[in-house]
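Descriptive analysis of the structure
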Amino acid sequence: MALLEIREARFDIPTVVENAGSGRLRFTAVVSEGDFINQNNRCYPFEVLWPAFQAANESIGNHPGAVDHPDAYAPASVSDLGIKWTRFWPEGKLILGEGEIIPTAKGRDLAAAIEAGIPVGFSTRGYGETEDREVDGRTVRYITHYELESVDAVVTPSVN
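Residues numbered from 1 in each chain as written. Predicted model: local features only at pLDDT ≥ 70, side-chain atom pairs only at ≥ 80, totals over all residues. Heavy atoms only, no water.

1. With respect to the pairing of strand 8 (residues 120-135)
- Bridging between strand 8 and strand 9 (residues 138-154) involves 15 bridges; their strand directions are antiparallel. The residue of strand 9 that forms the bridge with R133 is V140. (Pairing = 2+ DSSP bridges. Helix = DSSP H or I, 4+ residues; strand = E, 2+ residues; numbered from the N terminus.)

Right, here's the structure in full:
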């Protein structure tokens, strides 16, 4: 089975951990949730989701987050980056992340939104495999394998 690009989003108000000024701040936020059927009729079982985050933790410097998802078919740009993730951890079925703002133009915009207390969406970006299952009369796409590229900041996540 081929790997498909899969994106998942979660809406949260980040908590500022440290603010060093000039758009440089460290924050924590809920970035994903396992065993939850989202608005896109997808479910990331926790036993598939958390190992993807554990693998990302092992090489966390290779997983910077963008501000808004980059186009799936266009080359990534350094100017899209805004988050340097430092770690991910589980709390129940939730996955939390700690990140530092990268002071690019987009990163400074993200910092301003967080400092203003505006809810920010966080969305996973990666590749995986799926299978369709019937749940309460609707078809739900269950993620059966997932490789996390990163977590991006977005405006309209699929999980509220």
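2. Quick look at helix 1 (residues 46-58)
- For helix 1, spanning 13 residues, the distance from its first C-alpha to its last is 18 Å, which sits close to the expected 18 Å at 1.5 Å a residue.
- Residues F46, V48, L49, W50, A52, F53 and A56 constitute the buried set of helix 1.
- Against the buried residues of helix 1 lie strand 3 (25-33), strand 6 (81-91), strand 7 (94-101), strand 8 and strand 9. (Expected span 1.5 Å × (residues − 1). Buried < 20%, exposed > 50% of the residue type's maximum accessible area, 1.4 Å probe, protein only. Contact = heavy atoms within 4.5 Å.)

3. As for the environment of V140
- Within the fold, V140 resides in strand 9.
- When its relative accessible area of 0% is taken as the criterion, V140 is described as buried.
- Distance from V140 to I37, taken between C-alpha atoms, is 7.5 Å for residues 103 residues apart in sequence.
- When near neighbours in sequence (up to four residues on either side) are disregarded, V140 contacts I37, N41, R42, C43, E131, D132, R133 and V135.

4. A short note on the packing of aromatic side chains
- Tallied over the entire structure, the rule returns six aromatic pairs.
- Their ring planes at 65° and their centres at 5.7 Å tell us that F27 and W85 sit as a pair that is edge-to-face. In this pair, F27 is assigned in strand 3 and W85 in strand 6, connecting sequence segments 58 residues apart. Both residues of the pair, F27 and W85, count as buried. (Phe/Tyr/Trp six-rings, centres within 6.5 Å; stacked < 30°, edge-to-face > 60°.)

5. Overview of the layout of surface pockets
- What the second largest pocket holds in volume is close to 150 Å³.
- What lines the second largest pocket is a set of 13 residues, among which L110, A113, V120, V154 and V155 lie closest to the centre.
- Counting only elements with at least two residues in the lining of the second largest pocket, the list comes to helix 2 (105-115), strand 8 and strand 9.
- If one sorts the elements of the lining of the second largest pocket by residue count, helix 2 sits on top with three residues.
- Looking at the lining of the second largest pocket, its residues break down into 10 nonpolar, one polar and two charged. (1 Å grid on protein atoms, 1.4 Å probe; cavity = no way out; pocket = protein on both sides within 12 Å on 5 of 7 lines; lining within 4 Å. Points joined across faces, edges and corners; volume = space filled by probe spheres on them. Nonpolar A, V, L, I, M, F, W, Y, C, P; charged D, E, K, R; others polar.)

6. Describing unusual backbone geometry
- Phi at D35 takes a positive value of approximately 60°, unusual for a residue other than glycine.
- Along the chain, D35 falls in the loop between strand 3 and strand 4 (42-43).
- Here D136, not a glycine, exhibits a phi torsion of approximately 50°, which is positive.
- Among the structural elements, D136 can be located in the loop between strand 8 and strand 9.

7. Here we look at the sheet that holds strand 7
- Read from one edge of the open sheet, five strands run 2-3-7-6-5, paired in antiparallel fashion. Because the sheet does not close on itself, it has two edges, and the strands there are strand 2 (15-19) and strand 5 (65-66).
- Where strand 3 lies against strand 7, seven bridges are found, and the strand directions are antiparallel. Across the sheet, R26 pairs through a bridge with E100, a residue of strand 7.
- This element, helix 1, spans strand 3, strand 6 and strand 7 of the sheet and lies at about 125° to strand 6.
- Strand contacts of helix 2: strand 2, strand 3, strand 6 and strand 7, with the helix running at about 120° to strand 7, the strand carrying the most contacts. (Axes fitted to C-alpha atoms, helices over the stretch in contact; angles between N-to-C directions.)

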